[in-house]
Amino acid sequence: MTTTTGISRRSLFATAGAASALALAGGVPSRAAAPKAGPMRPAIYRFALGDFEVATLLDGQAVRDNPQSVFGTDQSVETVSALLEQNFLDPAKLKITFSPTVVNTGAEVILFDTGLGAGARGGGLGQTRSRLEAAGIAPEQVDIVVITHFHPDHIGGLMEDGTPAFPNARYVTGAVEHNFWSAEERMSGPTARVAKLTATNVTPLNERMSMIKPGDSVASGIEAVEAFGHTPGHMAYHIESAGQRLMLIADTSNHFVLSLQRPDWEVLFDMDKGRAAATRKSVLGMIAADRIPFIGYHMPPPAIGYLEALSSGGFRYHPVSYQLI
Ligand SMILES: [Zn+2]
């Protein structure tokens, strides 16, 4: 492109750049000397759902190699890599984020899951309590803590220095999940790690814990939904206020591409892989059919989006933009 004077745009810009560089060199001191501070991303996302106020809180994130070792364990590395590349993701890396949710119904403050807790803080995780405080809610103000399932990234933040992290809360969890991890025989073998954490982080709270089943309510407008498979008693929650609906799917699906576009693919962390896949199809299918927003604990922050059903039987993730105020 050429201007009427015959000087190209590029040389015009070059001239302007040289002029401003000269101006700086002419004695105007630079004040742009702040050190680079690294990536910064929003860690709290708050919006209204009818008369409720809902916020997702980023507990932290972890990166691991070889995505196929977690998602698509029954597929080839090439197949998993191809789907990642098609979706603009590094085929060699997996970023896993952790996002508990807090719901203020106006009458009660309800926290869903608690992050990894103090033990993970050295690695930059375990931030749920501090995020909650940054969102204007003191730990003492939490009335109910709902535990969707007992994996360490969900129960790790229940205790702080051996005492309850949310000192005035009562607790709600699925009876099936609680019974499974509390049974003596889980203390050895592949279940030992979670069973031991259950003994230190959940058992001391049993006196203040309500055991519920699918269809039961946590509070008015908040109902448990069967989502077994990821763990034996894993549950999702349907949240509704003043006609506005939201599904909190917890770990029903744990990757916004691999485990949504290919709900049948086996996932390392699903204890019953067939049942987890069946749960994905029913829960995700309902979300897509009803066109409602959902929160996924391991979806990319702010962990809220919508689902479009694909002809393949999978789902395309549409991250929230400005639908929720
Ligand atoms: Zn999880």
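Coordinates for the structure precede this section.
Residues numbered from 1 in each chain as written. Predicted model: local features only at pLDDT ≥ 70, side-chain atom pairs only at ≥ 80, totals over all residues. Heavy atoms only, no water.

Colleague: Lay out the sheet that holds strand β7 (residues 144–147) with the relevant residues and their values.
Modeller: Hydrogen bonding along the main chain pairs the strands of a sheet, whether they run parallel or antiparallel. On the basis of which strands lie adjacent, the open sheet formed by seven strands has the order β1-β2-β5-β6-β7-β10-β11 and mixed pairing. Across the chains shown, the open sheet's two edge strands, defined by having one partner strand only, are β1 (44–49) and β11 (209–212). On average, adjacent strands in this sheet sit at an angle of 20 degrees to one another, irrespective of strand direction. Across four bridges, the pairing between β7 and strand β10 (residues 170–174) is parallel. Residue pairing for β10: Ile-144 is matched across the bridge by Arg-170. (Pairing = 2+ DSSP bridges. Helix = DSSP H or I, 4+ residues; strand = E, 2+ residues; numbered from the N terminus. Axes fitted to C-alpha atoms, helices over the stretch in contact; angles between N-to-C directions.)

Colleague: Residues and numbers for helix α2 (residues 77–86), please.
Modeller: What α2 keeps buried is the set Val-80, Ser-81, Leu-83 and Leu-84. Projection of α2 onto a plane perpendicular to its axis shows the buried side chains occupying an angular sector of 160 degrees, all on one side. Away from its buried face, by an angle of more than 90 degrees, α2 presents the exposed residues Glu-78, Glu-85 and Gln-86. Against the buried residues of α2 lie α7 (258–261). (Buried < 20%, exposed > 50% of the residue type's maximum accessible area, 1.4 Å probe, protein only. Arc of directions from axis to C-beta. Contact = heavy atoms within 4.5 Å.)

Colleague: Give me the lowdown on the coordination of the zinc ion, citing residues and values where you can.
Modeller: At the metal site, the zinc ion is ligated by Asp-153 (OD), His-154 (NE2), Asp-251 (OD) and His-298 (NE2), and these contacts range over 2.1 to 2.2 Å. Of note is the zinc ion, whose four donor atoms meet at the metal with angles of 89 to 167 degrees in an arrangement that counts as irregular. For the zinc ion, the single-chain donor residues occur in sequence as D-H-x96-D-x46-H. One end of the pair, His-154, is in helix α4 (residues 152–155); the other, His-298, is in the loop between β16 (294–296) and β17 (304–309), with 144 residues separating them in the sequence. (Donors = N, O, S within 2.8 Å, 3.2 Å for Na, K, Ca; no water. Tetrahedral: all angles 85-135°; square planar, octahedral: opposite > 155°, others 65-115°.)

Colleague: Quick one: what's the story with the nonpolar core, residue by residue and with numbers?
Modeller: By size, the foremost hydrophobic cluster in this structure holds 27 residues, and its most contacted members are Phe-112, Val-218, Ile-222, Tyr-237 and Ile-239. Grouped together as the second largest cluster of nonpolar side chains are 25 residues, Val-109, Ile-147, Ile-155 and Met-159 included. (Core = buried A, V, L, I, M, F, W, Y, C linked by side-chain atoms within 4.5 Å.)

Colleague: So what about the packing of aromatic side chains? Which residues, and what values?
Modeller: Pairs of aromatic rings are described using the distance from one ring centre to the other and the angle between the two planes. Counted by the stated rule, this structure contains five aromatic pairs. Judged by centre distance (6.0 Å) and plane angle (55 degrees), the rings of Tyr-45 and Phe-47 are tilted. Residue Phe-47 is classed as buried on the basis of its relative accessible area, which comes to 2%. Three or more aromatic residues joined by ring pairs make a cluster, and in this case those are Phe-256, Phe-294 and Tyr-317. Sitting over the ring of Phe-180, Arg-186 keeps its end group 3.8 Å from the ring centre. (Phe/Tyr/Trp six-rings, centres within 6.5 Å; stacked < 30°, edge-to-face > 60°. Lys NZ or Arg CZ within 6 Å of the ring centre and 35° of its normal.)

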